[in-house]
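Structural overview for review
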Amino acid sequence: MISLVKRPEPSRVFSLAAPLLAVLATFVFGGLLFAALGKDPFLAIRTIFWEPLFGEFAFYYRPQLLIKGAPLVLVAIGLSLGFKAGIWNIGAEGQYIMGALFGAGAGLAFYPAQSVFIFPLMVLAGAFGGWIWAMIPAVLRVKFGTNEILVSLMLVYVAEQFLASMSLGLLKNPEGFGFPGSRNLQQYASAHNAELIAGTGMHWGVVAALIAVIFAYVLLARHRLGFAIRVTGDAPRAARFSGVNPTRLVLFCLGTSGLLAGLAGMFEVAGPSGQVTIDFNVGYGFTAIIVAFLGRLHPVGILLAGGLMALTYIGGDIAQSKLGLPAAAIQVFQGMLLFFLLAFDLFTNYRPRIGRAEVA
Amino acid sequence: MTFTKLLASAALVAGMATAAFADGDDKTKLGFVFVGPVGDGGWTYEHNVARLAVEEEFGDKVETVFVESVAEGPDSERVMTQMALDGADLIFTTSFGYMDPTINVAAKFPDVKFEHATGYKRADNVSTYGARFYEGRAVQGHIAGKMTKSNTVGYIGSYPIPEVIRGINSAFIHARKANPDVQFKIVWAYTWFDPAKEADAAKVLIEQGADVILQHTDSTAPQAAAQEAGNVITFGQASDMAQYAPKPRVSSIIDNWAPYYIERTKAVMDGTWESKDTWGGIGTGMVGIGDITDAVPADVKAEAEALRDSIGSGEYQPFTGPLKKKDGSDWLAEGENPDDQALLQMNFYVEGIQDDIPQ
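Let us now look at the overall build of chain A. Check the secondary structure of chain A and you find 14 helices and 2 strands. Compactness check: chain A gives a C-alpha radius of gyration of 22 Å against a globular reference of 21 Å for 360 residues, within 12% of the reference. Referenced to the eigenvectors of the C-alpha coordinate spread, the extents of chain A come out at roughly 75 × 60 × 35 Å. Taking all 360 residues of chain A together, 50% fall into the buried category. For chain A, the proportion of contacts with a sequence separation of at least 24, taken over those separated by at least 6, is 79%.

Quick look at the overall build of chain B now. For chain B, the helix and strand inventory stands at 11 helices and 14 strands. Computed over C-alpha atoms, the radius of gyration of chain B comes to 21 Å, within 12% of the 21 Å expected from 2.2 N^0.38 for 359 residues, which places it in the range of a compact globule. Each principal axis of the C-alpha distribution contributes one length, and for chain B these read about 65 × 40 × 40 Å. Expressed as a percentage of the 359 residues in chain B, the buried residues total 53%. Across chain B, the fraction of contacts at a sequence separation of at least 24, relative to all contacts at a separation of at least 6, is 65%.

We now examine the sheet that holds strand β7 (residues 183–188) of chain B. Residue and element names in this part refer to chain B. Read from one edge of the open sheet, 6 strands run β7-β6-β8-β9-β10-β12, paired in mixed fashion. Each end of this open sheet is capped by a strand with a single partner; those strands are β7 and β12 (287–290). Neighbour to neighbour, the strand axes of the sheet diverge by 20 degrees on average, direction disregarded. By the bridge criterion, 4 bridges tie strand β6 (residues 152–157) to strand β8 (residues 212–215) in an arrangement that is parallel. Opposite Val 153, over in β8, you have Val 212 as the bridge partner. Those strands touched by helix α6 (residues 162–178) are β6, β7 and β8, and its axis lies near 170 degrees from that of β6.

Structurally, the α-helix is built with 3.6 residues per turn, so residues lying three or four positions apart point the same way. Residues and elements named next belong to chain A. Along its 21 residues, helix α7 (residues 148–168) runs 30 Å from first to last C-alpha, staying within 8% of the 30 Å computed at 1.5 Å per residue. Of the positions making up α7, those classed as buried are Glu 148, Val 151, Ser 152, Leu 155, Val 156, Ala 159, Leu 163, Ala 164, Met 166, Ser 167 and Leu 168. Among the structural elements, α5 (92–108), α6 (118–144) and α11 (246–270) are those in contact with the buried residues of α7.

This part is about the sheet that holds strand β11 (residues 277–280) of chain B. Residues and elements named next belong to chain B. What the 6 strands build is an open sheet, ordered β2-β1-β3-β4-β5-β11; its pairing is parallel. A single partner strand is all that each edge strand has here, and the edge strands are β2 (62–67) and β11. Geometrically, the sheet is characterised by an average inter-axis angle of 15 degrees between neighbouring strands, direction not taken into account. When strand β3 (residues 90–93) meets strand β4 (residues 113–117), the two strands line up parallel, connected through 4 bridges. Bridging from a neighbouring strand, Ile 91 pairs with Phe 114 of β4. Sitting on the sheet, helix α4 (residues 99–108) is in contact with β3, β4 and β5 (126–131), with an inclination near 175 degrees to β4.

On to the interface of chain A and chain B. The interface is formed by 35 residues belonging to chain A together with 38 residues belonging to chain B. Counting only elements with at least two residues in the side of chain A that touches chain B, the list comes to α4 (58–84), α7, α13 (299–323) and α14 (327–349) of chain A. Broken down by element, the residue count for the side of chain A that touches chain B peaks at 6 residues, all from α13 of chain A.

This paragraph deals with the packing of α5 of chain A against α6 of chain A. All names here are of chain A. The contact between α5 and α6 brings their axes to 7 Å, and the two run at 150 degrees. Like other packed secondary-structure pairs, α5 and α6 cross with a definite hand, here right-handed. Contacts from Gly 94, Gln 95, Tyr 96, Met 98, Gly 99, Ala 100, Leu 101, Phe 102, Gly 103, Gly 105, Ala 106 and Gly 107 in α5 reach Ile 118, Leu 121, Met 122, Ala 125, Gly 126, Ala 127, Phe 128, Gly 129, Gly 130, Trp 133 and Ala 134 in α6.

Take the nonpolar core next. Residues and elements named next belong to chain A. In this structure, Leu 74 and Val 75 are the most contacted members of the largest nonpolar core, which totals 211 residues. Among the elements that take part in this core, α4 stands out by supplying 15 residues, more than any other. Dropping the residues within four chain positions of it, Val 75 is found in contact with Ala 92, Tyr 96, Leu 260, Ala 261, Ala 264, Tyr 284, Gly 285 and Ala 288.

Moving on, we come to helix α10 (residues 298–312) of chain B. All names here are of chain B. Along its 15 residues, α10 runs 21 Å from first to last C-alpha, staying within 8% of the 21 Å computed at 1.5 Å per residue. Residues Ala 304, Leu 307, Arg 308 and Ile 311 constitute the buried set of α10. One face of α10 carries all of its buried residues, which in axial projection span an arc of 100 degrees. Exposed residues on α10 whose side chains face more than 90 degrees from its buried face are Ala 298, Asp 299 and Ala 302. Buried residues belonging to α10 abut α5 (133–147) and β12. After α10 finishes, the residue Gly 314 shows a positive phi value of roughly 85 degrees.

Take the environment of Phe 96 of chain B next. Residue and element names in this part refer to chain B. Among the structural elements, Phe 96 can be located in the loop between β3 and α4. We classify Phe 96 as buried; it has 25 C-beta atoms within 10 Å. For the pair Phe 96 and Val 182, spaced 86 residues apart in the sequence, the C-alpha separation amounts to 31 Å. Look past the residues within four positions of Phe 96 in its chain and what remains in contact with it is Thr 118, Gly 119 and Ile 161.

On average, residues of chain A score 90 in pLDDT, and 98% of them are at 70 or above. Of all helices and strands in chain A, the one with the weakest mean pLDDT is strand β2 (residues 350–354) of chain A (81), whereas α5 of chain A scores best (97).

The general pattern is negative phi for most residues beyond glycine and trans for most peptide bonds. Residue and element names in this part refer to chain B. In the segment running from Ala 245 into Pro 246, the intervening peptide bond is cis, with an omega of -5 degrees. For Pro 246, the position within the fold is in the loop between β9 (233–236) and β10 (249–255). Pro 248 follows Lys 247 through a cis peptide bond whose omega is 10 degrees. For Pro 248, the location among the structural elements is in the loop between β9 and β10. Non-glycine residue Ser 69 carries a positive phi angle of around 50 degrees. Tracing the backbone shows Ser 69 in the loop between β2 and α3 (74–85). Here Asn 151, not a glycine, exhibits a phi torsion of approximately 60 degrees, which is positive.

Procedures and definitions
- Residues numbered from 1 in each chain as written.
- Chains lettered and ligands numbered in written order.
- Predicted model: local features only at pLDDT ≥ 70, side-chain atom pairs only at ≥ 80, totals over all residues.
- Helix = DSSP H or I, 4+ residues; strand = E, 2+ residues; numbered from the N terminus.
- Rg over C-alpha atoms; globule rule 2.2 N^0.38 Å.
- Buried ≥ 20, exposed ≤ 12 C-beta atoms within 10 Å, placed from the backbone.
- Contact = placed C-beta atoms within 7 Å.
- Pairing = 2+ DSSP bridges.
- Axes fitted to C-alpha atoms, helices over the stretch in contact; angles between N-to-C directions.
- Expected span 1.5 Å × (residues − 1).
- Left-handed = near helix turned anticlockwise from the far one by under 90°.
- Core = buried A, V, L, I, M, F, W, Y, C linked by C-beta atoms within 7 Å.
- Arc of directions from axis to C-beta.
- pLDDT = per-residue confidence, 0-100.

What follows is the structure, given as structure tokens:
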């Protein structure tokens, strides 16, 4: 019989090894899945993980990794602060949408005027949009004790309705023949979040994601507020005694994650996407939750995890097109990654014991 | 900003030119970008059927690749670029939302041909194609008007874009002709394919008294919901959905893309491909009306088939005046037909629809 015994101390080794073991297990079981579908498992895994980085057309895919990974990292960094403190913002998708709407709205308000001030203003507006949307669950929680998980999640659907309404109404391109969707910001130089260095995929959103990683690292390692976040997550009662103000912490964590999600949405709408459309959001806000956990809620880990997720998306599309793998198989493969991570995570706090459970 | 842009395009073109050379074989390679899964039983399913028909037609002279469930936006742009890099000669992008991405990618690959479904932006290497689904909607509207007992017809809209609004108007006009008391209830799902949302929409409409459901979304979920509810009839959308016949599915609109895909592939092989806009209907066979089942009384069936044939022969146009817009203003005078431009940009309901287009 196998039983689980709680470790006296969480295992540091396992905490670091779990993601690697999860990736390995995903390779093995994903490979079996691909083999069962009649595809060469080595070729499939090679296509997903190798092709985008070192394949023939890596010059195109590497920049795409930054474009796909940046919003994931930016959102996940914000989420990780709250998750560490036990504050669960599940509605980053909504904050991402609101950031995009505020950002695009601020830019389009000046169309067709050209000015260097428009883009910075859009950045501020985007950050504000995400922040204010996250403040709704934050204020409701500190004032009325509502559950921020539910409120933030429900607000995603409200934000989606706003998005549809804006694409069909206020922000609709007047020259779009009645079709929904805003003007394309890529064709509005002052508002375009263009690549900073041509052909690298490096746009302001990527820069912001890197800054956020550094900022979060310093905050958690060096700053008093970072200490408050960590201690609240580990031992809420102890945190109370050591003078942490829970109200301030909720407002800070939800506000920051909303702000970063809003920025991600704004950079996306002004750059790679270009347009406010009804289905502008493609799930970055939800995927970022996976990225945050895959990265162990650690800034550097999140950076790596964001890259890994982006890789599976891009490589997955290549595998679909080149090998004829169905999209569902790729999604199962991505799901396996999180599943195995959570499974191996168990061993951070528990160790397996084979044999009969001892009588205490 | 201009300088970096210039550099960007130079770098890309240089990289992509070498990529194009790398493609040495003489097979014609086709790429398909799909918005839903190929097993959706509707829109994407039919595009995939046409892809297979192209393979059947040309055998080993063609090679086809596809990527399914591609989100509209930067993801689709990446998938198209990837296909072009991998040496595709012709790429079909089969959803309205792929319009700007298609134009962007086409500009970077002048030697690759693109075919964008249901859009209106063209370039030297981008054609557009679509089908006059509204012709089929007229037939459905007629059957719906005759068959409804509650005088309430439910309509599941995807997005309030002209293509969908055209369908609603056409169905409504012909339902009213068949039954002056009929009312339409319209629910917007804001998705092309989401079985859960589509089923919810169908249930809401049925609860509100609709006993006929028309859908402009791609899955069979509304059919299943209608079957469960009992006395509700539906129409197959994009594909025949014959597994729900004879009831709830009493007829269908079938998208038949295969002849067009074969024709365009042939044009690429012969070097005669040119950018153009194609809008086929019942007459050209791009829109098919699925078998009308015995759940429909014989006289109604005969009328519906006569309507289908008169549209197919060009004798009758579904939008024929006198027609007024919902706000009461005149649209078409007696006997007048709108031109294609007016049809393509239709963004109003006709008189009688008790609803507003979402703004």
